Structure formats: structure tokens, C-alpha cells
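Read off the chains here:
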Amino acid sequence: MISNFRCDQNVRHCISMLKLGTRDLSNPLVLRRFASHYKFVVAGGGSGGCAVASNLVNHGSVAVIEPTLHHYYQPMWTLVGAGIKKTADSRNDQINCIPGQATWLRTSVSSFNPDDNTVMTLDGGKITYDYLVVALGLEVRFDKIKGLKESLGTNGVCSNYGPGNADYTWEVLSSIKSGKLLFTFPNAPIKCAGAPQKIMYLAESHLRKGWCERFLHIGLSYSTTSHIWST
């Protein structure tokens, strides 16, 4: 069954304590059953999905399909890698991010059927809609680069993508005194194309404060052929 939650302010603190997949039917304020048809269905409860949903709630019924209990504001991870923020600062309970007048469907999408305006969910549910917004984001596939998945978090190999990864970036930056720093900018579509450059600038700023830049070479590798180096 799909766990449907109406995100009224007076039950947000109760819902945030529920475990994924559980249903507390003893408290009608915590869980209510809703119709399977909505004027707007938003697939994905990230920053994009929640922003769109907040603009739609005044125009009809809105459902947000999102299975996770916690929401991460991913742009902040660049600041985590630079030691300005903590990973915990980027995390919030998902219930606090879903618009108050929307319905949160805590499940995952298994398929889209646009011919009959239907979304099928992983637990066998069927949701119909008048309008559909797909905001599922991108899946980061470290395993597509040989050896990268195994190397992350060790030997100075860092990434600011993914909760927890940026902590190691700051661990490296805060301890390095000399050597070369190489920041990569893939030529494929990636989340936030500015992120590889931003962490480079922030890293250089941090190292400059510690007078370390005279002992370092900092470079940006763009796509697969060109390199831009600064010292």
C-alpha cells in the first residue's frame, strides 16, 4: 500500500518520526487515506520537485511522490567541501520540505503511462493525474569510471556529490601543505556544472589564507582533452 500523508502543520512532527513503509493507523492525524487522482502529480521531492509543488498547490490538488525520509539541499555540499558548512546543515526532514497543502506519497515511481495519465508505483499503486511533473534528478554513477568508486574517500580522491562525500574533501583540503590539486570537469551532463569550478576557487581561497598556495599547483581538467592550470 502507498503511505499517503497530508502535510498539515499540526502533524509534521509526528510524521517525521515514522519509519519508511510503516503505517500508524491508531492516530488519524498522522495518517489519512486519499484519492488516487490528483490534478498535479510531481515525481520527485528534491529541491526542484518541492519548488514546483509549492507553486501548484493554489491551482488544484497536488501529490509529491518521494520515498526518502530526509531531504538534502545538495548545492550546500560545495560549501561542506570547503569547510564552510557541515553535511548536517544540508539535511532536513522531508516532511518539512513538502508544501503544506500537498499530499506526500512515500513510495517510488516504477513506470509512467502518459497515454492514460497514469503513474505506477513500486508497491503496486496506481495514481492518475491531469498534469505530470517529472523532477527525479540525476543518478550519480561513480561505478562508470574504472576504479573511482573504490578510490573515493581514500588517497586524496574526493567528490562533493553525495551526502558524506564532501566531508572527505574538507579533510584533504584542511591538511594539505604541498603538491598538486586537480579538479575535474566531465564533458557529460552532470549536476550543477558550476560545482567543479566553485570548489576549486574555494579551495584556492582557503589555501591562500594559509600561505600554502606558493607550494601548490591547482588545476582544472575540462572534458577529456584540455587542462587549465593556475599556481
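So, here's what we can say about the structure.

Conventions adopted
- Residues numbered from 1 in each chain as written.
- Predicted model: local features only at pLDDT ≥ 70, side-chain atom pairs only at ≥ 80, totals over all residues.
- Heavy atoms only, no water.
- Helix = DSSP H or I, 4+ residues; strand = E, 2+ residues; numbered from the N terminus.
- Buried < 20%, exposed > 50% of the residue type's maximum accessible area, 1.4 Å probe, protein only.
- Arc of directions from axis to C-beta.
- Contact = heavy atoms within 4.5 Å.
- Core = buried A, V, L, I, M, F, W, Y, C linked by side-chain atoms within 4.5 Å.
- Pairing = 2+ DSSP bridges.
- Right-handed = clockwise from strand over helix to strand, strands pointing away.
- Phe/Tyr/Trp six-rings, centres within 6.5 Å; stacked < 30°, edge-to-face > 60°.
- Lys NZ or Arg CZ within 6 Å of the ring centre and 35° of its normal.
- Polar contact = N/O pair within 3.5 Å; in protein donor to acceptor, adjacent residues only side chain to side chain.
- 1 Å grid on protein atoms, 1.4 Å probe; cavity = no way out; pocket = protein on both sides within 12 Å on 5 of 7 lines; lining within 4 Å.
- Points joined across faces, edges and corners; volume = space filled by probe spheres on them.
- Nonpolar A, V, L, I, M, F, W, Y, C, P; charged D, E, K, R; others polar.
- Salt bridge = Lys/Arg side-chain N within 4 Å of Asp/Glu carboxyl O.

**A few points about the environment of N155**
Thought 1: Mapped onto the secondary structure, N155 falls in the loop between α4 (148–151) and α5 (165–173).
Thought 2: Sequence spacing of N155 and V172 is 17 residues, and the spatial spacing of their C-alpha atoms is 9.1 Å.

**Focus on helix α2 (residues 47–56)**
Thought 1: Residues of α2 that are buried: G49, C50, A53 and L56. Angularly, the buried residues of α2 cover 125 degrees about the axis, an arc narrow enough to put them on a single face.
Thought 2: If you follow the buried residues of α2, they end up packed against β2 (37–43), β3 (62–65) and β9 (126–134).

**Topic: the nonpolar core**
Thought 1: Counting residues in hydrophobic clusters, the biggest one holds twelve residues: F40, V42, C50, A53, L56, V57, V62, V64, I95, I98, A102 and W104.
Thought 2: Of all the secondary-structure elements, those providing two or more residues to this core are β2, α2 and β3.
Thought 3: L173, I176, F183 and I199 belong to the second largest nonpolar core, which has nine residues in total.

**Notes on the pairing of β2**
Thought 1: Of all seven residues in β2, five are buried, a share of seventy percent or more.
Thought 2: Of the strand pairs in this sheet, β2 and β9 are connected by six bridges, and their pairing is parallel. By the bridge assignment for β9, V42 is matched with V133.
Thought 3: Here four bridges tie β2 to β3, and the two strands are oriented parallel to one another. If you follow V42 over to β3, its bridge partner there is V64.
Thought 4: In terms of handedness, the path from β2 via α2 over to β3 forms a crossover that is right-handed.

**Looking at the packing of aromatic side chains**
Thought 1: One pass over the structure, following the stated rule, counts two aromatic pairs.
Thought 2: Ring geometry for Y72 against W77: centres 5.9 Å apart, planes inclined by 55 degrees, an arrangement best described as tilted.
Thought 3: What makes W77 buried here is its relative accessible area of 5%.
Thought 4: The aromatic ring of W104 is capped on one face by R106, whose charged end is 5.5 Å from the ring centroid.

**So, the side chain of Q94**
Thought 1: Here Q94 shows up in the loop between β5 (91–93) and β6 (103–106).
Thought 2: Residue class for Q94 comes out buried when judged on its relative accessible area of 1%.
Thought 3: A distance of 2.9 Å separates the side chain of Q94 from the backbone oxygen of G45, its partner in a polar contact.
Thought 4: Filtering out sequence-adjacent residues up to four positions away, Q94 remains in contact with G45, C50, E66, T68, L69, H70, H71 and W104.

**A few points about the layout of surface pockets**
Thought 1: Here the largest pocket defines a volume of roughly 1100 Å³.
Thought 2: As for the largest pocket, its lining consists of 34 residues, of which L148, C158, S159, Y161 and T184 are closest to the centre.
Thought 3: Among the secondary structure elements, those contributing two or more residues to the lining of the largest pocket are α5, β10 (179–185) and α6 (195–209).
Thought 4: Its residues assigned to classes, the lining of the largest pocket shows 22 nonpolar, seven polar and five charged.
Thought 5: Roughly 890 Å³ of internal volume is contained in the second largest pocket.
Thought 6: Contributing to the lining of the second largest pocket are 35 residues, with G46, Q74, L136, G137 and K191 lying nearest its centre.
Thought 7: If you list the elements that add at least two residues to the lining of the second largest pocket, you get α2, β4 (70–72), α3 (77–81) and α6.
Thought 8: In terms of residue class, the lining of the second largest pocket is built from 15 nonpolar, 17 polar and three charged.

**Describing the pattern of salt bridges**
Thought 1: Taken as a whole and judged by the stated rule, the model has two salt bridges.
Thought 2: The salt bridge involving E204 is made with R208; its shortest N-O contact spans 3.2 Å. Of this pair, E204 and R208 are both found in helix α6, four residues apart, which corresponds to roughly one turn of the helix.
Thought 3: Here E204 falls in the buried class, since its relative accessible area comes to 19%.
Thought 4: Its relative accessible area of 45% is what places R208 among the partly exposed residues.

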